[in-house]
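What follows is each chain in one-letter form.
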Amino acid sequence: MGQTGALDRAEKLRKDGNSYFKKGKYLAAIDAYTEAITLCPKVLANYTNRALCHRARNDWTRVEEDSRKAIQLDSDWVKGHYYLGLALLQKQEYPDGVKELERALDLGRGADPKGYMVEEIWQELAKAKYMEWEEASSKREWELQSLKKACESALKEKHDAFQMEGFLDESGTTNMKQLEALGRVFEKVAEADTESEVPDYLCCNISLDIFRDPVITPSGVTYERSVILNHLGKVGKFDPVTREPVEPSQLIPNFAIKEAVQAYLKEHGWAYRTW
């Protein structure tokens, strides 16, 4: 079979695989994509399409294999990094999984900031980050409670010693104040892990959600990129707050707000929860 014939045959197999996938016939789809890869091993979509079939069957080892093959062919392949990230998270390799999802998100934003993949990747990344925070938060809570009990025990021993020496009234008052001060200290330490309202300046004026990819208009108002692009495309090319004319090309990344959001999320991981 000549090169043109192989390309045509591989394309037909890819379409067959897509059709099988939509019908839930994952094994048949895998066979079609595999044959297409044999004919044209450098077509990226067939690897990530096959990875998607493996994902549907919860075969995460093969999802990882196909994703890595796709990335070897093109290190900027969004789906390759995305599916690899999901596979690594399934293996509980959280740092590496999060790294791959962040890479996929950056690539996706550059290619199509309004695309469904960007939102999907963000949701998976947010879940992973939240799980990381939840695990770390539980560990911190246990450590704080253990430390608090140890401090309270030490204060009680000191109080009992004063009692034996006849300084009951004075030691009792001091002990109470020390216990109250101790409680305030541990409450303050636990504040970062206590869910509250995200500051308004870190949230989009339209969606009211915490910023992910903030951009600023010529009027000086900051919005979430996908949200303001949707507004400009469907409602009109004007700033929703100031009503001043705005073109998509005039939107500029707001790196100061983005860094502020990243710093806030680092200290308040609960804010990743969006579901």
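Here the structure is a predicted model, which means the values were calculated and not measured.

J.: What am I meant to see in the nonpolar core here?
T.: The tendency in soluble globular proteins is for nonpolar side chains to be buried side by side. Counting 46 residues, the largest nonpolar core has Y82 and V198 as the members making the most contacts within it. Of all the secondary-structure elements, those providing two or more residues to this core are α4 (60-73), α5 (78-90), α6 (94-111), α7 (116-164), α9 (225-234) and α10 (255-267). The element contributing the most residues to this core is α7, with nine residues. Excluding residues that lie within four positions of it along the chain, V198 makes contacts with C203, I210, Y264, W270 and A271.

J.: Is there a simple way to explain helix α3 (residues 44-56) in this structure?
T.: Helical geometry: 3.6 residues make up each α-helical turn, so side chains three or four residues apart lie on a common side. With 13 residues, α3 should cover 18 Å at 1.5 Å per step; its first-to-last C-alpha distance of 19 Å lies within 8% of that length. After α3 finishes, the residue N58 shows a positive phi value of roughly 60°.

J.: I keep staring at the side chain of E100 and nothing clicks. Help me out?
T.: With respect to the helices and strands, E100 occurs in helix α6. It is R68 that comes nearest to the buried, bridge-free E100 among opposite-charge side chains, at 5.7 Å. Non-local contacts of E100, meaning those with residues more than four positions away in its chain, are made with I71, H81, L84, G85 and L88.

J.: Just checking my understanding: could you explain the packing of helix α2 (residues 26-39) against α3 for this structure?
T.: At a minimum axis separation of 9 Å, α2 and α3 run at an interaxial angle of 160°. Here α2 is positioned roughly antiparallel relative to α3, judged by the angle of their axes. Of the two elements, α2 crosses α3, and the hand of that crossing is left-handed. Residue-level contacts link Y26, A29, I30, Y33, T34, A36 and I37 of α2 to N46, Y47, N49, R50, C53, H54 and A56 of α3. Counted by class, the contact of α2 with α3 contains nine nonpolar, four polar and one charged residues.

J.: How do you make sense of the layout of surface pockets when you look at a structure like this?
T.: To locate leftover empty space, one rolls a probe as large as a water molecule over the atoms. Empty space within the largest pocket amounts to approximately 470 Å³. Forming the walls of the largest pocket are 22 residues, and the residues nearest its centre are E102, K129, Q262, L265 and Y272. Only α6, α7 and α10 provide two or more residues apiece to the lining of the largest pocket. Sort the elements by how many residues they give to the lining of the largest pocket and α7 lands first, with seven residues. Taken together, the residues of the lining of the largest pocket break down into nine nonpolar, two polar and 11 charged. The space that makes up the second largest pocket amounts to roughly 330 Å³.

Here is what the cut-offs are and how they apply
Residues numbered from 1 in each chain as written. Predicted model: local features only at pLDDT ≥ 70, side-chain atom pairs only at ≥ 80, totals over all residues. Heavy atoms only, no water. Core = buried A, V, L, I, M, F, W, Y, C linked by side-chain atoms within 4.5 Å. Buried < 20%, exposed > 50% of the residue type's maximum accessible area, 1.4 Å probe, protein only. Helix = DSSP H or I, 4+ residues; strand = E, 2+ residues; numbered from the N terminus. Contact = heavy atoms within 4.5 Å. Expected span 1.5 Å × (residues − 1). Lys, Arg positive; Asp, Glu negative; His and termini not counted. Salt bridge = Lys/Arg side-chain N within 4 Å of Asp/Glu carboxyl O. Axes fitted to C-alpha atoms, helices over the stretch in contact; angles between N-to-C directions. Parallel < 35°, antiparallel > 145°, perpendicular 65-115°, else oblique. Left-handed = near helix turned anticlockwise from the far one by under 90°. Nonpolar A, V, L, I, M, F, W, Y, C, P; charged D, E, K, R; others polar. 1 Å grid on protein atoms, 1.4 Å probe; cavity = no way out; pocket = protein on both sides within 12 Å on 5 of 7 lines; lining within 4 Å. Points joined across faces, edges and corners; volume = space filled by probe spheres on them.

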